[in-house]
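The chain contents come next:
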Amino acid sequence: SSRFLSSLLRFHNEQAWSPEMVKQIREECRVTPSFVSEAEEKALLGEVETRLQKLPYEESHWDEAIHLYREREQRVWTAENEAVLARVRECSFPKDTSHLTYVHILDLHADGHIKPHIDSTRYCGDVITGISLLSSCVMRLRHEKRKEELIVDLHLPRRSLYRLGGIGRYEFTHEVLGEMESKFDGEKIERGRRISIICRDLPKQQAKFFAKMQPIPQE
Ligand code: OGA
Ligand code: MN
C-alpha cells in the first residue's frame, strides 16, 4: 500500500508492520538526496581528509560495532563547512535543541561495515543525523526485539542527509551494510570508502545541566 512507498526507504515484510509503526518511522527517519553539492562535498573532504589520513584503519571498535574504520571529532570548521553543518542541524533537529559542539567524522574503509547497534543514550539525544560522502550505502534499521521481522532499509546516496529519530533511534538498531550485502530492494548499491559526518543532539538531562552552567549557542 502507499504508506510503504518512499523511494529511499524500503520496509521488509510489510504485513508484519503496524500502521502506527510505519507512520512513526516515516515521520522520524528521513533521507534527503543531494543535500550537499559536489563543491560542498569537496570542501568538507578538504578539511577532514588530511587529518584522517594520518590515522590507521582500526580493525574493530571497543564495542565491536564498527569494522575497519578511523574516526575523529571536530569542533571548529571553516565558515563554508560550518554553514553546511548548520543546515544539517536546522534540517534535522527540532527548534531550540542543544547539540553537541563536536561533530563526529567516521571514515569507513571500502571493506568495512557497521554492525547493528543503538547509539548510547548517555551521550546522544533524540536525533542522529549525518551526511554520506564519497560513497552511497545502505543503512538497515532492525527492531531491537524483532530483528528478523521488522527491518527497514534506507538508501543513503552519496551526498545525501539522513536523520534518525523517535522509535528509529531508540527501538531500532542501525547498521551500515558491507560491500557484499549492499543491496537495496534487490539492487546492488556500490559501496566504496565512505566518510560520514554525523551530528548529534544532547541527551535531555545533559542539556539541562549545561544550560545551568553556561548558555549554549543556538543556531
Ligand atoms: C555511528 C554510526 C553511521 C554513519 O557512528 O554510531 O552509526 O552514518 N554511524 O556512519
Ligand atoms: Mn550509530
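My aim in this report is to walk through the structure given alongside it, one point at a time. (Residues numbered from 1 in each chain as written. Chains lettered and ligands numbered in written order. Predicted model: local features only at pLDDT ≥ 70, side-chain atom pairs only at ≥ 80, totals over all residues. Heavy atoms only, no water.)

### Observations regarding the overall build of the protein
Counting secondary structure elements, the protein contains five helices and 13 strands. Burial statistics for the protein: of 219 residues in total, 49% are counted as buried. Across the protein, every contact between residues at least 6 apart in sequence was considered, and the portion connecting residues at least 24 apart equals 78%. When the accessible surface of the protein is split by element, carbon and sulfur atoms take 53% of a total near 11400 Å². (Helix = DSSP H or I, 4+ residues; strand = E, 2+ residues; numbered from the N terminus. Buried < 20%, exposed > 50% of the residue type's maximum accessible area, 1.4 Å probe, protein only. Contact = heavy atoms within 4.5 Å. Areas by Shrake-Rupley, 256 points an atom, 1.4 Å probe, with all protein chains shown as cover.)

### Notes on the packing of aromatic side chains
Under the criterion given, the structure shown has two aromatic pairs. Summarising the aromatic geometry, the rings of W17 and F172 are spaced 5.8 Å apart at their centres and angled 10° between planes, so their arrangement reads as stacked. Of this pair, W17 sits in the loop between β1 (9-11) and α1 (19-28) while F172 sits in strand β10 (residues 172-176); the two residues are 155 residues apart in sequence, bridging distant segments of the chain. The two residues W17 and F172 agree in class, both being buried. (Phe/Tyr/Trp six-rings, centres within 6.5 Å; stacked < 30°, edge-to-face > 60°.)

### Brief notes about the site of ligand 1
Close to ligand 1 lie H104, L106, I114, H117, D119, M139, Y162, H174, R194, S196, I198 and R200. H174 is positioned with one of its side-chain polar atoms (N or O) 2.9 Å from an oxygen atom of ligand 1. Within the contact set of ligand 1, an oxygen atom lies 2.8 Å away from a side-chain nitrogen or oxygen of R194. Burial of ligand 1 by the protein chains amounts to 95% of its free accessible area of 290 Å². Among the secondary structure elements, those contributing two or more residues to the shell around ligand 1 are β5 (103-117) and β13 (194-200). Each residue belonging to the shell around ligand 1 can be placed in one class, and the counts come to five nonpolar, four polar and three charged. (Near = heavy atom within 4 Å. Polar contact = N/O pair within 3.5 Å; in protein donor to acceptor, adjacent residues only side chain to side chain. Nonpolar A, V, L, I, M, F, W, Y, C, P; charged D, E, K, R; others polar.)

### With respect to the pattern of salt bridges
Oppositely charged side chains can form a pair if their charged atoms are brought close together. Counted under the stated rule, the structure contains 17 salt bridges. A salt bridge links D153 to R140, with the nearest nitrogen and oxygen atoms 2.7 Å apart. Taken as a pair, D153 in strand β8 (residues 151-156) and R140 in strand β7 (residues 137-143) lie far apart in primary sequence, 13 residues in all. Its relative accessible area of 16% is what places R140 among the buried residues. Shared partners join several salt bridges into a network, and the residues in it are E38, E41, R158 and R159. (Salt bridge = Lys/Arg side-chain N within 4 Å of Asp/Glu carboxyl O.)

### Examining the coordination of the manganese ion (ligand 2)
Within the first shell, the manganese ion (ligand 2) binds the protein through H117 (NE2), D119 (OD) and H174 (NE2), at distances of 2.1 Å. All donors of the manganese ion (ligand 2) come from a single chain, and their spacing in sequence reads H-x1-D-x54-H. In this pair, H117 is assigned in strand β5 and H174 in strand β10, connecting sequence segments 57 residues apart. H174 matches H117 in its accessibility class, with the two residues each being buried. (Donors = N, O, S within 2.8 Å, 3.2 Å for Na, K, Ca; no water.)

### Structural notes on helix α2 (residues 38-53)
Taking 1.5 Å per residue as the helical rise, α2 with its 16 residues ought to reach 22 Å, and the 21 Å between its terminal C-alpha atoms agrees with that figure. G46 marks where α2 bends most, by close to 35°. Next to the buried residues of α2 lie β4 (66-74), α3 (79-92), β5, β6 (128-133) and β13. (Expected span 1.5 Å × (residues − 1). Bend = angle between axes of the 7 residues up to and from the residue.)

### Points about the pairing of β7
Of all seven residues that make up β7, seven are buried, and the element is covered over most of its length. Of the strand pairs in this sheet, β7 and β8 are connected by six bridges, and their pairing is antiparallel. Of the residues in β8, the one forming a bridge with M139 is L154. Taken together, the five bridges between β7 and β10 define a ladder with antiparallel strand orientation. Looking at the pairing, R142 lines up with T173 of β10. (Pairing = 2+ DSSP bridges.)

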